[in-house]
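# Close look at the chain arrangement
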Amino acid sequence: MKYLSTRGDRTLRGFSDILLEGLAPDGGLYLPTHYPRVDDATLTRWRGLAYADLAFEILSLYIDDIPAPDLKRLCHATYTAATFGSEAIVPLKPLEDGVYLQALSNGPTLAFKDMAMQLLGQLFEYELGRRGEEINILGATSGDTGSAAEYAMRGKHGVRVFMLSPHGRMSPFQQAQMFSLQDANIHNIAIEGVFDDCQDIVKAVSNDLDFKRRHKIGTVNSINWARLLAQVVYYFAGYFQATKTNDQTVSFAVPSGNFGNICAGHVARCMGLPIHRLVLATNENDVLDEFFRTGTYRVRGSSETFETSSPSMDISKASNFERFVFDLLGRNGARTAELFGPKLAKEGGFSLTPAEFEPVASFGFVSGKSTHADRLATIRDTWQRFGMMIDTHTADGLKVARRFVRPGVPMLVLETALPAKFAATIQEALGREPERPAALQGIESLPRRFTVMPVDAAAVMRYIETHCH
Ligand SMILES: *Cc1c(COP(=O)(O)O)cnc(C)c1O
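Structure report, in brief. Small disclaimer: the values here were computed from a predicted structure and weren't measured.

Quick look at the overall build of the protein chain now. Across its full length, the protein chain carries 21 helices and 15 strands. Buried residues in the protein chain amount to 58% of all 469 residues. Taking contacts inside the protein chain between residues at least 6 apart in sequence as the whole, the part at least 24 apart equals 75%. For the protein chain, the accessible area works out to roughly 18000 Å², and carbon and sulfur atoms hold 52% of it. One finds the centroid of the 49 positive side-chain charges in the protein chain at a distance of 1 Å from the centroid of its 53 negative side-chain charges.

Here it is, written out as structure tokens:
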């Protein structure tokens with residue numbers, strides 16, 4: 001399997017070439033040259049597999065430059081009951097008839113990002129070891145992504161993490177989660193500013209190409225193809241749990257922000273997994289819902305980007321969305337480049353022509369939006385009727401999913417986080433503290449390891465310089 005760019009650069013690269021990279025040189029995102037079709041006999045064979053073996057089978061279709069025994073070992077090292085809480089890894093939890101939650105958040109940081117990031121940690125260590133190279137991962141986080149990256153990379157050879165976060169602005173739980181890590185290769189830098197200041201510093205450092213090259217600076221952001229690929233696996237695993245035979249279809253509802261999670265569902269569907277609908281749910285930041293209703297993609301400015309109670313979906317633009325548009329346009333790289341290139345920054349959006357937008361239905365997408373009031377009502381209702389406590393993002397997914405439930409088609413709502421991470425909104429909805437997994441009781445009182453720094457890119461660069469060897 002080879003990879004190309006969504007913006008028309010057809011230089012073909014192998015999986016290992018793009019694993020450690022971000023954007024393609026032409027500014028596009030990497031995609032495989034095609035999505036391998038999975039036939040009926042293969043689906044039947046995969047039905048009985050353990051999660052790690054299923055992951056190996058699916059990854060093998062896209063990775064041909066890592067020897068099979070090595071790839072299998074990495075999958076088995078990643079997807080264990082010890083890390084993800086159960087042998088099923090992504091078990092289904094039934095709600096009302098035909099509606100399920102698919103649990104993706106039982107990993108170390110209680111959010112679905114662990115599903116991909118834990119594998120990425122294994123792949124990075126393997127590939128860097130094979131090349132005799134090292135990488136210094138630099139990132140900015142307001143919570144979920146940074147902690148998932150740190151828990152995936154802790155103790156990994158050849159990898160160091162420098163994670164910037166806004167000092168004192170993450171939830172007490174998230175601070176405890178990240179700052180209690182004592183691993184020598186994890187560096188928490190608390191910046192005396194807001195999240196945007198952290199992001200600006202990352203940009204400033206990355207724009208210093210000489211510094212970037214000398215200190216082998218890399219990222220693990222959501223556009224990484226390996227992350228997306230790892231997420232394809234749980235769509236198959238969910239399908240197999242909800243059905244008995246391959247003539248059945250299911251729908252998935254996905255709380256969405258940067259379009260990474262649901263893009264993996266799109267890939268699974270293109271591979272032939274019998275998915276009826278991909279239900280995209282947004283919060284008040286509804287840039288994607290607007291697109292799927294109208295064909296217009298309108299990036300929001302910062303004054304139009306709301307801080308909501310499902311904060312991991314508070315996006316102004318969706319970084320993975322270009323991948324879907326490329327497929328929607330029949331993989332027309334020139335047109336994709338025209339839409340997502342400089343014009344997007346200048347004009348703040350684009351509208352597809354009716355002919356371009358029309359095939360959207362054949363890709364299975366439908367969408368809807370959920371508000372703070374919907375979120376509270378859904379959390380309350382799920383607690384009262386099913387005795388189950390759900391987080392705010394999952395509540396958005398469930399709220400929108402119910403509009404699209406059809407008899408005979410199981411609806412799988414992806415549970416993207418556990419309520420323990422969002423205590424304030426759970427208190428508001430239920431008047432009680434969220435449940436917390438036993439392993440995370442009392443993490444607030446563990447010793448912390450972090451460095452406070454001013455909003456100063458040069459100071460951060462000096463810190464990296466002295467700690468990157
Ligand atoms: C990251 C995240 C999302 C959004 O996922 P995307 O892949 O960006 O669409 C939703 N819920 C939670 C809890 C997350 O951490």
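Still to come is the rest of the account.
What follows is about the site of the ligand. Near the ligand there are 15 residues, and of these K113, D144, G257, N258 and N261 occur at the shortest range. Interatomic distance of 2.8 Å between a backbone N/O atom of G257 and an oxygen atom of the ligand. Between the ligand and F259, the relevant distance is 3.1 Å, taken from an oxygen atom to a main-chain nitrogen or oxygen of the residue. In the complex, the protein chains occlude 96% of the 380 Å² of accessible area that the ligand would expose alone. Of the residues in the shell around the ligand, the class split is five nonpolar, eight polar and two charged.

Along an α-helix, residues three or four apart share an orientation, since each turn contains 3.6 residues. Buried residues of helix α15 (residues 333-340): G333, R335, T336, L339 and F340, and no others. When α15 is viewed along its axis, its buried side chains cluster within an angular range of 160° and face the same direction. Regarding α15, its N-cap is N332, as a side-chain oxygen of that residue lies 3.2 Å from the backbone nitrogen of A334 further along.

Evaluation of the coordinates by the stated rule reveals 29 salt bridges. Among the ionic pairs, R402 bridges to D381, the shortest N-O distance being 3.8 Å. Linking R402 in the loop between α19 (392-401) and β14 (411-415) with D381 in helix α18 (residues 372-386), this pair joins segments that are 21 residues apart in sequence. The shortest N-O distance in the salt bridge between E444 and R436 comes to 2.8 Å. Classification of E444 by relative accessible area gives partly exposed; the value is 34%. A network of salt bridges, in which partner residues are shared, links D286, E290, R298, R300, E304 and K369.

So, about unusual backbone geometry. Unusually for a residue other than glycine, I89 sits at a positive phi of about 65°. Here I89 shows up in the loop between α5 (81-84) and β3 (92-94). For I89, a relative accessible area of 2% corresponds to the buried category. Phi at F259 takes a positive value of approximately 70°, unusual for a residue other than glycine. Assignment of secondary structure puts F259 in the loop between β9 (250-255) and α12 (260-270).

Our focus in this paragraph is the pairing of strand β4 (residues 99-103). Looking along a regular strand, one sees the side chains alternate between the two faces of the sheet. Where burial is concerned, most of β4 is hidden: four out of the five residues are buried. Bridge analysis of β3 against β4 gives three bridges, and the strand direction is antiparallel. Paired with P94 across the bridge in β4 is Y100. The hairpin formed by β3 and β4 contains four residues between the paired strands, and G98 there has a positive phi angle of roughly 85°.

With five of six residues buried, strand β5 (residues 135-140) is to be regarded as a mostly interior element. Handedness of the β-α-β unit built from β5, helix α7 (residues 144-153) and strand β6 (residues 159-166) comes out right-handed.

It is worth spelling out the packing of aromatic side chains at this point. For the coordinates displayed, the defined rule picks out 30 aromatic pairs. Ring centres of Y234 and Y235 lie 5.5 Å apart, and the angle between their planes is 25°; this geometry places the pair in the stacked category. Of the two residues, Y234 and Y235, neither departs from the other in class, the shared state being buried. An aromatic cluster of three or more residues is present, and its members are F259, F291, F292, Y297, F321, F324, F340, F350, F357, F363 and F365.

This part takes up the packing of helix α14 (residues 321-328) against α15. Two elements in contact, α14 and α15, have axes separated by 9 Å at closest approach and are oriented at 140°. Taken together, the axes of α14 and α15 are oblique relative to one another. Relative to α15, the crossing made by α14 is right-handed. For the pair α14 and α15, the contacting residues are F321, E322, V325 and F326 in the first and G333, T336, L339 and F340 in the second.

Before going further, it helps to spend a moment on the nonpolar core. With 112 residues, the main nonpolar core has F124, Y235, F236, F259 and F321 as its most contacted residues. When residues in this core are grouped by element, the largest group, 14 residues, is from helix α11 (residues 225-242). If near-sequence neighbours (up to four positions away) are discounted, F321 is found in contact with N258, F259, L288, F291, F292, Y297 and F340. With 22 residues, the next largest nonpolar core counts V99, A253, L398 and F404 among its residues.

Time to look at the sheet that holds strand β7 (residues 186-191). Spatially, five strands are ordered β8-β5-β6-β7-β15 in an open sheet, and the strand pairing comes out parallel. Each end of this open sheet is capped by a strand with a single partner; those strands are β8 (217-218) and β15 (451-453). The pairing of β5 with β6 spans six bridges and is classified as parallel. Each bridged residue has a counterpart across the sheet, and for N136 the counterpart in β6 is R160. Along the sheet, helix α9 (residues 195-207) contacts β5, β6 and β7; its crossing angle with β5, the most-contacted strand, is approximately 145°.

Once that is clear, we can look at the sheet that holds β9. The strand order across the open sheet built from six strands is β3-β4-β14-β9-β10-β13, with neighbouring strands paired in mixed fashion. Each edge of the sheet is formed by a strand with only one pairing partner; in this case those strands are β3 and β13 (365-369). On average, each strand axis in the sheet is tilted by 25° relative to the strand beside it, whichever way the strands run. Its contacts with the sheet place helix α13 (residues 287-294) against β10 (275-282) and β13, and it is angled at close to 135° to β13.

What counts as what
- Residues numbered from 1 in each chain as written.
- Predicted model: local features only at pLDDT ≥ 70, side-chain atom pairs only at ≥ 80, totals over all residues.
- Heavy atoms only, no water.
- Helix = DSSP H or I, 4+ residues; strand = E, 2+ residues; numbered from the N terminus.
- Buried < 20%, exposed > 50% of the residue type's maximum accessible area, 1.4 Å probe, protein only.
- Contact = heavy atoms within 4.5 Å.
- Areas by Shrake-Rupley, 256 points an atom, 1.4 Å probe, with all protein chains shown as cover.
- Lys, Arg positive; Asp, Glu negative; His and termini not counted.
- Charge placed at Lys NZ, Arg CZ, Asp CG, Glu CD.
- Near = heavy atom within 4 Å.
- Polar contact = N/O pair within 3.5 Å; in protein donor to acceptor, adjacent residues only side chain to side chain.
- Nonpolar A, V, L, I, M, F, W, Y, C, P; charged D, E, K, R; others polar.
- Arc of directions from axis to C-beta.
- Salt bridge = Lys/Arg side-chain N within 4 Å of Asp/Glu carboxyl O.
- Pairing = 2+ DSSP bridges.
- Right-handed = clockwise from strand over helix to strand, strands pointing away.
- Phe/Tyr/Trp six-rings, centres within 6.5 Å; stacked < 30°, edge-to-face > 60°.
- Axes fitted to C-alpha atoms, helices over the stretch in contact; angles between N-to-C directions.
- Parallel < 35°, antiparallel > 145°, perpendicular 65-115°, else oblique.
- Left-handed = near helix turned anticlockwise from the far one by under 90°.
- Core = buried A, V, L, I, M, F, W, Y, C linked by side-chain atoms within 4.5 Å.

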